[in-house]
Amino acid sequence: MIGDADQTGMTGGDLSLQRSALLGRFMAAWNAHDLDGLMACMAEDCAFHASAGPDPNGRRHTGWEAVRAAYAAIFSTFSDAAWSNDNHVVSGDTGLSSWRFTGTTAAGDKIEVDGCDIFVFSGARIALKDSYRKART
């Protein structure tokens, strides 16, 4: 319940504000291609579920190093990657960000798609980033 203190001494409202601010910093780090900034937003025991991959929930990257490598691969694949039109909402331990992604592949193919991330928080950090995006045909 908002107003109740958690184990850190923060009230639910304080933690919600911290999480909302964190999502703004996370988006800024993506646009700056700042791996250290991205990982500063992630919990130590974090996971990233990519929007594409061999499993029904995409490709799963579990653990700090695996998540960092997956984020680095996105920047390697799309050297001009950018996210715009962002909007962030936090409710309890869950966050949602919507965005538009633009980028160019090494082959010169332009990508522009809308997507969203569902986040699960651990304290004031991201424990899970679960990504979804539109596929253009």
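See the structure shown above.
The structure presented is a predicted model; accordingly, all values stated were derived computationally and were not measured. (Residues numbered from 1 in each chain as written. Predicted model: local features only at pLDDT ≥ 70, side-chain atom pairs only at ≥ 80, totals over all residues. Heavy atoms only, no water.)

Colleague: An account of the packing of aromatic side chains is requested, with residue identities and associated values reported.
Modeller: This structure, assessed with the given rule, holds ten aromatic pairs. Judged by centre distance (5.7 Å) and plane angle (85°), the rings of Phe26 and Phe119 are edge-to-face. Taken as a pair, Phe26 in helix 1 (residues 12–31) and Phe119 in strand 5 (residues 110–122) lie far apart in primary sequence, 93 residues in all. Overall, the relative accessible area of 2% leaves Phe26 in the buried class. Taking the relative accessible area as the measure of exposure, Phe119 reaches 1% and is therefore buried. Among the aromatic residues, ring-to-ring pairing joins Phe26, Trp30, Phe48, Tyr71, Phe75, Phe78, Trp83, Phe101, Phe119 and Phe121 into one connected group. (Phe/Tyr/Trp six-rings, centres within 6.5 Å; stacked < 30°, edge-to-face > 60°. Helix = DSSP H or I, 4+ residues; strand = E, 2+ residues; numbered from the N terminus. Buried < 20%, exposed > 50% of the residue type's maximum accessible area, 1.4 Å probe, protein only.)

Colleague: Mind laying out the side chain of His49, listing which residues take part and the relevant values?
Modeller: You can see His49 is positioned in strand 1 (residues 42–49). Apart from residues lying up to four places away in sequence, His49 is in contact with Asn57, Arg59, Arg60, Leu128, Lys129, Asp130 and Ser131. (Contact = heavy atoms within 4.5 Å.)

Colleague: Which residues make up the sheet that holds strand 3 (residues 82–91), and what values go with them?
Modeller: Paired through backbone hydrogen bonds, the strands of a sheet run either parallel or antiparallel to each other. Pairing is mixed across the open sheet formed by six strands, whose spatial order is 2-1-6-5-4-3. The open sheet is flanked by strand 2 (60–62) and strand 3, the only strands paired with a single partner. Strand-to-strand twist across the sheet, computed as the mean angle between neighbouring axes with direction ignored, equals 15°. For strand 4 (residues 94–104) and strand 5, the ladder comprises eleven bridges, and the chain directions are antiparallel. Residue pairing across strands places Leu96 opposite Ile118, the latter belonging to strand 5. Of the strands in this sheet, strand 1, strand 2, strand 3, strand 4 and strand 6 (125–133) touch helix 3 (residues 64–77), which is tilted by about 50° from strand 1. (Pairing = 2+ DSSP bridges. Axes fitted to C-alpha atoms, helices over the stretch in contact; angles between N-to-C directions.)

Read these as layout, nothing more, since geometry by itself doesn't imply function.
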